[in-house]
Amino acid sequence: MKLFDVYPLFPIEPVKASGSWLWDSEGKKYLDLYGGHAVISIGHNHPHFVEALKSQLDKISFYSNSVQNSMQEKLAEKLGQLSGYNNHQLFLCNSGAEANENALKLASFVTGRKKIIAFKKAFHGRTSGAVAATDNPKIVAPFNAGHEIVFLPLNDVIAFDQAIDNTIAAVIIEGIQGVGGIQVPDDVFLKHITQKTKQAGALLILDEVQSGYGRTGKFFAHQHAGIEADLITLAKGMGNGFPIGGVMIHENIKPWSGMLGTTFGGNYLACAAGLAVLEVIEKENLMASAETLGNYWMNELQSYSTILDVRGRGLMIGFDLPESWAALRKDLLFKHFIFTGEAKPNTVRLLPSLSLTKSEADIFLEALSAELKQPAVL
Ligand code: PLP
């Protein structure tokens, strides 16, 4: 059987990984500043993570959610402690889209409404409900997911005030827009929409799938604005590569049996991975490190005259170049062996492991300097 050909692939096959490094099948070594879309949070194959998975495999890897599973409780407790959201409740699932689907569903259950406010250029996933809240014509499917979605420009208070009323079930917003090119919501905007959403009797959903898990220097990106969300969605960095997602749910939202469901969500291996990630973030002080290195990179990037704009927080950084520099990402990969991400060809995204070191950060800056001194490749 052939693979369904939907991903543009680099002709590189990674066969080994450690920390921020990957090795391909020809023995070439690459610096990974992308982590497979912000997934590698504590570093590839961190020894504590590997050990946690191995020792869980020796006990039990899977059983359905019809039995008690204290691993889920341990994970929920640690997550509450590190995120500061001790009073929220945790529902575990398998991916970011699934987390958002469940959050939207919860908002409709709670409010009895189906209208959602989302923001232009946001990305929330590729399943039916979540995709309908995603302003990307390439992936919006031609069917009605059951929610009516209003798309607003990010950071536009006037547009928001005109749209929010007591027909709205939820407002869904990314802590920092990732796929949309690292667009940061203003702190004042976040404060404003939190207050107005509450007044309208709607729920605020913070999609922290990409921006969460310590990446920005706080556990969640929205915590820089000093706000609290009713529902917070998680995935990516949560399992450092092991598929796991979750929704953190306000204590006022009362569960009833069958309200949400999943087969694989919260399985023992996923919980072991999730718990190990949190333990490493705490023990190695990775949130502080993400903030320090992020500030360092942002300052350095701002000093390049070729770079048009630098955005982000902590280790979630995007920068724009003139369109003539669209080949930069490929040059970084094939000439300097550095993986980065992109939003569009001339917008580079940096989403490395939070365990990145200063000397690894400098390897990137040296490669960038070498490239940007050269004339643009058209
Ligand atoms: N939300 C955000 C902010 C994302 O960046 C993504 C994926 O890139 C998703 C949701 C969807 O997550 P998944 O691919 O795990 O379904």
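Residue positions are given per chain, counting from 1 as you read along its sequence in written order. Per-residue local features are limited, in this predicted model, to residues with pLDDT of at least 70; the limit for side-chain atom pairs, both in listing and counting, is 80 or more; totals at the level of whole chains, interfaces and linings are taken over all residues. The side-chain values count all of the structure's non-hydrogen atoms but skip hydrogen atoms and water molecules.

A. Here's a closer look at the site of the ligand. Neighbouring residues are identified by heavy atoms, a residue being near a molecule or strand if any of them is within 4 Å of it. Near the ligand, the surroundings consist of Ser95, Gly96, Ala97, Asn100, Phe123, His124, Gly125, Glu174, Asp207, Val209, Gln210 and Lys236. Taking Gly96, its main chain carries an N or O atom lying 2.8 Å from an oxygen atom of the ligand. Any pair of nitrogen or oxygen atoms within 3.5 Å is treated as a polar contact; in protein, a donor-acceptor pairing is required on top of that, and neighbouring residues in sequence qualify only through side-chain atoms on both sides. Side-chain polar atom of Lys236 to an oxygen atom of the ligand: 2.8 Å apart, as the coordinates give it. Within the complex, the protein chains bury 81% of what would otherwise be the 390 Å² of accessible surface of the ligand. A total of 3 residues in the shell around the ligand trace back to one element, the largest contributor, which is helix α4 (residues 96–111). Any residue outside Ala, Val, Leu, Ile, Met, Phe, Trp, Tyr, Cys, Pro, Asp, Glu, Lys and Arg is labelled polar, Gly included; the first ten of those are nonpolar and the last four are charged. In terms of residue class, the shell around the ligand is built from 3 nonpolar, 6 polar and 3 charged. Accessible areas in this description were obtained via Shrake-Rupley with a 1.4 Å probe; residue shielding takes into account the shown protein chains only. Secondary structure elements are defined from DSSP: runs of H or I of at least 4 residues count as helices, runs of E of at least 2 residues count as strands, and each element is numbered from the N terminus.

B. How the structure looks around the packing of helix α10 (residues 328–336) against helix α11 (residues 358–373). Interhelical geometry of α10 versus α11 gives an angle of 115° and a closest axis separation of 11 Å. In the packing of α10 onto α11, the handedness of the crossing is right-handed. Along its contact with α10, which presents Leu328, Asp331, Leu332, Lys335 and His336, the element α11 presents Phe364, Ala367, Leu368, Ala370, Glu371 and Leu372. Of the residues assigned to the contact of α10 with α11, the class counts are 7 nonpolar, 1 polar and 3 charged. Lines fitted to the C-alpha atoms define the axes, with helices restricted to the stretch that makes contact. Angles between their N-to-C directions range from 0 to 180 degrees. A clockwise turn of the near helix away from the far one marks a right-handed crossing, whereas an anticlockwise turn of less than a right angle marks a left-handed crossing. The contact definition used throughout considers only heavy atoms, calling two residues in contact when any of these lie within 4.5 Å.

C. Representation of the packing of helix α3 (residues 70–83) against helix α8 (residues 268–283). Viewed as axis vectors pointing N to C, α3 and α8 meet at an angle of 25°, and their least axial separation amounts to 9 Å. Considering the angle they form, α3 stands roughly parallel to α8. For the pair α3 and α8, the sense of crossing is left-handed. Contacts between α3 and α8 involve Met71, Gln72, Lys74, Leu75, Lys78, Leu79, Gln81 and Leu82 on the former and, on the latter, Tyr268, Cys271, Ala272, Gly274, Leu275, Leu278, Ile281 and Glu282. Of the residues assigned to the contact of α3 with α8, the class counts are 10 nonpolar, 3 polar and 3 charged. Roughly parallel means an angle under 35 degrees; roughly antiparallel, over 145; roughly perpendicular, 65 to 115; everything else is oblique.

D. Structural detail: the side chain of Thr197. Inspection of the secondary structure assignment puts Thr197 in helix α7 (residues 187–199). Using a 1.4 Å probe on the protein chains alone, a residue whose accessible area is under 20% of its type maximum counts as buried, one over 50% counts as exposed, and one in between counts as partly exposed. With a relative accessible area of 1%, Thr197 lands in the buried category. Residues within four places of Thr197 in sequence aside, it is in contact with Phe160, Ile164, Val171, Ala202, Leu203 and Leu204.

E. Up close: the sheet that holds strand β11 (residues 309–313). Across the sheet, 4 strands lie side by side as β11-β12-β15-β14; this open sheet has antiparallel pairing. Every other strand in the sheet has two partners, leaving β11 and β14 (341–344) as the edge strands with one partner each. Mean inter-strand twist for the sheet, computed between neighbouring axes without regard to direction, equals 20°. Across 5 bridges, the pairing between β11 and strand β12 (residues 316–320) is antiparallel. Within β12, the position partnered with Gly312 by the bridge is Ile317. When DSSP finds two or more bridges between a pair of strands, those strands are recorded as paired.

F. Representation of the domain arrangement of the protein chain. For the purposes of this description, domain bounds are those given by an automatic or database domain assignment. Parsing the protein chain into structural domains produces domain 1 (21–41 + 285–372) and domain 2 (47–283). Once you take the C-alpha centre of each, domain 1 and domain 2 turn out to be 26 Å apart. On the domain 2 side, the residues contacting the 24 residues of domain 1 number 30 residues. Once two parts are brought into contact, the accessible area they lose, counted with a 1.4 Å probe and summed over both, makes up the buried area. The junction of domain 1 with domain 2 conceals about 2200 Å² of combined surface from both sides, 59% of it contributed by carbon and sulfur atoms.

G. Geometry of the environment of Gly36. Among the secondary structure elements, Gly36 is positioned in helix α1 (residues 35–38). The sequence separation of Gly36 and Thr340 amounts to 304 residues, and the corresponding C-alpha distance is 9.4 Å.

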